[in-house]
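Given next are the chains, with one letter for each unit.
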Amino acid sequence: MTQSLRVLIIDDNKSDRALIIRELRREFKQLQVKEIIDAQEFAQAIINDAFDAVVTDYQLGWSNGLEMLRTVKTHYPLCPVIMFTNTGTEEIAVEALQSGLDDYVLKEPNHYIRVPAAIRIALERIETQRQAALLEIRLRGLLNQVKVGIFRSKPDGTIVESNRAFLELLGVESLDRANEMNLLDTRECFVRLANLPPPQQQEQELQLQRSSGTQLWVLLTITLNTVEGVPVVDGLLEDITERKQAEAELQQLNATLEARVRERTAQLEAAKQDLEEFAYSISHDLRAPLRAIQGYAQSLLEDVGESLDANHLTFLQRIAANSQQLDTLITDLLTYSRLRQTEINLQPVNLSRAITDVLTQLEPEIQRRQARVQIAEPLPIVQANRMILIQVLTNLLFNAIKFVDPNVQPQVRVWVQQREQQTRLWIEDNGIGIALDKQQQIFRPFARLHGEEEYPGTGIGLAIARKGIERMGGQIGVESQPGRGSRFWLELPSATE
Ligand code: ADP
């Protein structure tokens, strides 16, 4: 202690005072002592307030130690008072301690040394208490500043402590009012926490009503604690009204956005539908005049073909071939656009039987090209639409025979691979192959990699295949290298008959 310590020594015995002072000087380098030997001096000292600690005897000619103690503590509750006496009884000691005495030292020859120690301990304890009190004040200040409501409640639901934010959140001026209005059901908190395993804690978003009747959203965090053997609920209350409002607005926005997207999609679908219907009717209407051209060309060929010169005959044959080609194109387009429009029924389809039907259809082409088609029987059942599947398989198998160098005998292999709930069917040929960068585009309508003379076709076959497979909930693809054949695959859900 660098500051000087000022001590009142209240003792009628001069030599006792001298001995105490001697011991105090040893312990406290800077010491100011005021010796008190009568009531008047004591009263003056109390008024002057010029001491930091008091040492008093019990037995005084003009008063007693208890009186001294009470007077000092009344005026200066934090000033340590040590009783140094040989006349007091145990009862007096107890009474004195109850009245706030800091220490009691028996006046015996070798006990003088204990007086400064008692003062030091008392001063330190009082300092600690003072610090604790300051800390408490700061803590309370902080708790009152935070925007989070803090409370503690008893098992009967009474809230016994809270900070200012708690009261402000609920819109009440006092804790009593909050309890009276039962704005927060803390008894229910106890019940909920009691049923939880440790740590008995819970977080919950809920809506509360302020005393004014307005609503607020809060995040309530509650914990079951035990304070001095009694269970309490400690809780935090956070205002999340703004967040909740923002969430609600976002949800609202999402909902309208979804509705708008749905509306736009419906409009687009309708427009697409119109376009498809238009294309369908155009294709349909084109067929009648086309059939007439085909018919007349055919009649001319039959009736006057022999009398025509070579040039005119070729013209006529070209007219017939071109109109035939146009007819195939229109048929393909009609198939493609019908695929997009019609409702599709799916049912178990036996792949073996479907392939057999396709091969029967393709028999003339197989014969013409002397193709070898190898099927890895038995093939399983898939979930599909029989008509569409046959159309798709026809297109793929026809291509597998068609896109083969004219000097090579077409060899086609068909097999399946089971993957989980899917069946993958492979169609492999020994044809001309397809460059990697073209493998995606060939599935689009009109995409052709060759001239009409080299390999005739309309460029719609694979587009029909892809659309058909997709409409049946499957997938289609190809693996190929130019000059090394192609492997087309399609995948459909497996089924049982
Ligand atoms: P098309 O056969 O009428 O030309 P597709 O839609 O069936 O029309 O095929 C599109 C293009 O994809 C073909 O023109 C061809 O270039 C290529 N192609 C299709 N199948 C094969 C195959 N098995 N091998 C090589 N190329 C193929």
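Residues numbered from 1 in each chain as written. Predicted model: local features only at pLDDT ≥ 70, side-chain atom pairs only at ≥ 80, totals over all residues. Heavy atoms only, no water.

## Focus on the site of the ligand
Phase 1 of the analysis: Taken together, 20 residues sit near the ligand, with Asn 399, Asp 429, Arg 448, Gly 459 and Leu 462 positioned nearest.
Phase 2 of the analysis: In the environment of the ligand, an oxygen atom lies 3.5 Å from a nitrogen or oxygen atom belonging to the side chain of His 450.
Phase 3 of the analysis: A total of 530 Å² of accessible area belongs to the ligand in isolation, and the protein chains cover 98% of it.
Phase 4 of the analysis: The pocket occupied by the ligand, as judged from atoms lying within 2 Å of grid points, is the largest pocket.
Phase 5 of the analysis: If you list the elements that add at least two residues to the shell around the ligand, you get helix H12 (386–402), helix H13 (461–471) and strand S17 (486–493). (Near = heavy atom within 4 Å. Polar contact = N/O pair within 3.5 Å; in protein donor to acceptor, adjacent residues only side chain to side chain. Areas by Shrake-Rupley, 256 points an atom, 1.4 Å probe, with all protein chains shown as cover. 1 Å grid on protein atoms, 1.4 Å probe; cavity = no way out; pocket = protein on both sides within 12 Å on 5 of 7 lines; lining within 4 Å. Sits in = over half its atoms within 2 Å of the grid points. Helix = DSSP H or I, 4+ residues; strand = E, 2+ residues; numbered from the N terminus.)

## Considering the nonpolar core
Side chains of nonpolar character tend, in soluble globular proteins, to be buried together.
Phase 1 of the analysis: Counting 43 residues, the largest nonpolar core has Leu 389, Leu 393, Leu 397, Ile 427 and Leu 490 as its most contacted members.
Phase 2 of the analysis: When near neighbours in sequence (up to four residues on either side) are disregarded, Ile 427 contacts Leu 393, Leu 396, Leu 397, Ala 400, Val 412, Arg 413, Val 414, Ser 486, Arg 487 and Phe 488.
Phase 3 of the analysis: One finds Ile 159, Leu 167, Leu 170 and Leu 237 within the second-largest nonpolar core, a separate group that totals 23 residues. (Core = buried A, V, L, I, M, F, W, Y, C linked by side-chain atoms within 4.5 Å. Buried < 20%, exposed > 50% of the residue type's maximum accessible area, 1.4 Å probe, protein only. Contact = heavy atoms within 4.5 Å.)

## Side note on a negative patch on the surface
Phase 1 of the analysis: A surface patch of like charges, here negative, comprises Glu 203, Glu 238, Asp 239 and Glu 242.
Phase 2 of the analysis: Looking at where Glu 238 falls in the secondary structure, it is placed in strand S10 (residues 230–239).
Phase 3 of the analysis: The exposure class of Glu 238 is partly exposed, given its relative accessible area of 36%. (Patch = residues over 30% accessible without salt bridge, like charges linked within 9 Å, V, L, I, M, F, W, Y side chains within 5 Å. Salt bridge = Lys/Arg side-chain N within 4 Å of Asp/Glu carboxyl O. Lys, Arg positive; Asp, Glu negative; His and termini not counted. Charge placed at Lys NZ, Arg CZ, Asp CG, Glu CD.)

## Let's talk about the environment of Val 72
Phase 1 of the analysis: Assignment of secondary structure puts Val 72 in helix H3 (residues 65–75).
Phase 2 of the analysis: Along the primary structure Val 72 and Pro 348 are separated by 276 residues, whereas in three dimensions their C-alpha atoms are 104 Å apart.

## Some points on the sheet that holds strand S8 (residues 201–209)
Backbone hydrogen bonds are what pair the strands of a sheet, in a parallel or an antiparallel way.
Phase 1 of the analysis: Pairing is antiparallel across the open sheet formed by 5 strands, whose spatial order is S7-S6-S10-S9-S8. Only two strands of the sheet have a single neighbouring strand rather than two, namely strand S7 (159–162) and S8. Neighbouring strand axes in the sheet, compared pairwise and without regard to direction, differ in orientation by 30° on average.
Phase 2 of the analysis: Pairing geometry for strand S9 (residues 215–227) and S10, over 10 bridges, is antiparallel. Paired with Val 227 across the strands is Val 230, a residue of S10.
Phase 3 of the analysis: Across the face of the sheet, helix H8 (residues 186–194) comes into contact with strand S6 (149–153), S7, S8, S9 and S10 while running at roughly 60° to S9. (Pairing = 2+ DSSP bridges. Axes fitted to C-alpha atoms, helices over the stretch in contact; angles between N-to-C directions.)

## Re unusual backbone geometry
A negative phi angle is the norm for most residues apart from glycine, just as the trans form is the norm for most peptide bonds.
Phase 1 of the analysis: Omega for the peptide link from Pro 198 to Pro 199 comes to -5°, which places this bond in the cis form.
Phase 2 of the analysis: Along the chain, the position of Pro 199 falls in the loop between H8 and S8.
Phase 3 of the analysis: Here Glu 377 and Pro 378 are connected by a cis peptide whose omega angle stands at -5°.
Phase 4 of the analysis: Inspection of the secondary structure assignment puts Pro 378 in the loop between strand S12 (372–375) and strand S13 (381–384).
Phase 5 of the analysis: Unusually for a residue other than glycine, Phe 446 sits at a positive phi of about 70°.

## Focus: the pairing of strand S14 (residues 411–419)
Phase 1 of the analysis: For S12 and S14, the ladder comprises 4 bridges, and the chain directions are parallel. Considered in S14, the bridge of Ile 375 is made with Val 414.
Phase 2 of the analysis: Pairing of S14 with strand S15 (residues 422–428) involves 7 bridges; the strand directions are antiparallel. From the neighbouring strand, Arg 413 faces S15, where its bridge partner is Glu 428.

## Overview of the side chain of Lys 402
Phase 1 of the analysis: With respect to the element layout, Lys 402 can be found in helix H12.
Phase 2 of the analysis: On the basis of relative accessibility, which here comes to 15%, the residue Lys 402 falls in the buried class.
Phase 3 of the analysis: Once you skip the residues sitting within four places of it in the chain, Lys 402 turns out to touch Arg 369, Tyr 455, Pro 456 and Gly 457.

## Remarks on the pairing of strand S1 (residues 5–10)
Phase 1 of the analysis: Summarising burial for S1: 5 of the 6 residues are buried, a large majority.
Phase 2 of the analysis: A crossover links S1 with its parallel partner strand S2 (residues 31–36), the connecting element being helix H1 (residues 14–27), and its sense is right-handed.
Phase 3 of the analysis: Across 4 bridges, S1 lies against strand S3 (residues 53–56) in parallel orientation. Considered in S3, the bridge of Val 7 is made with Ala 53. (Right-handed = clockwise from strand over helix to strand, strands pointing away.)

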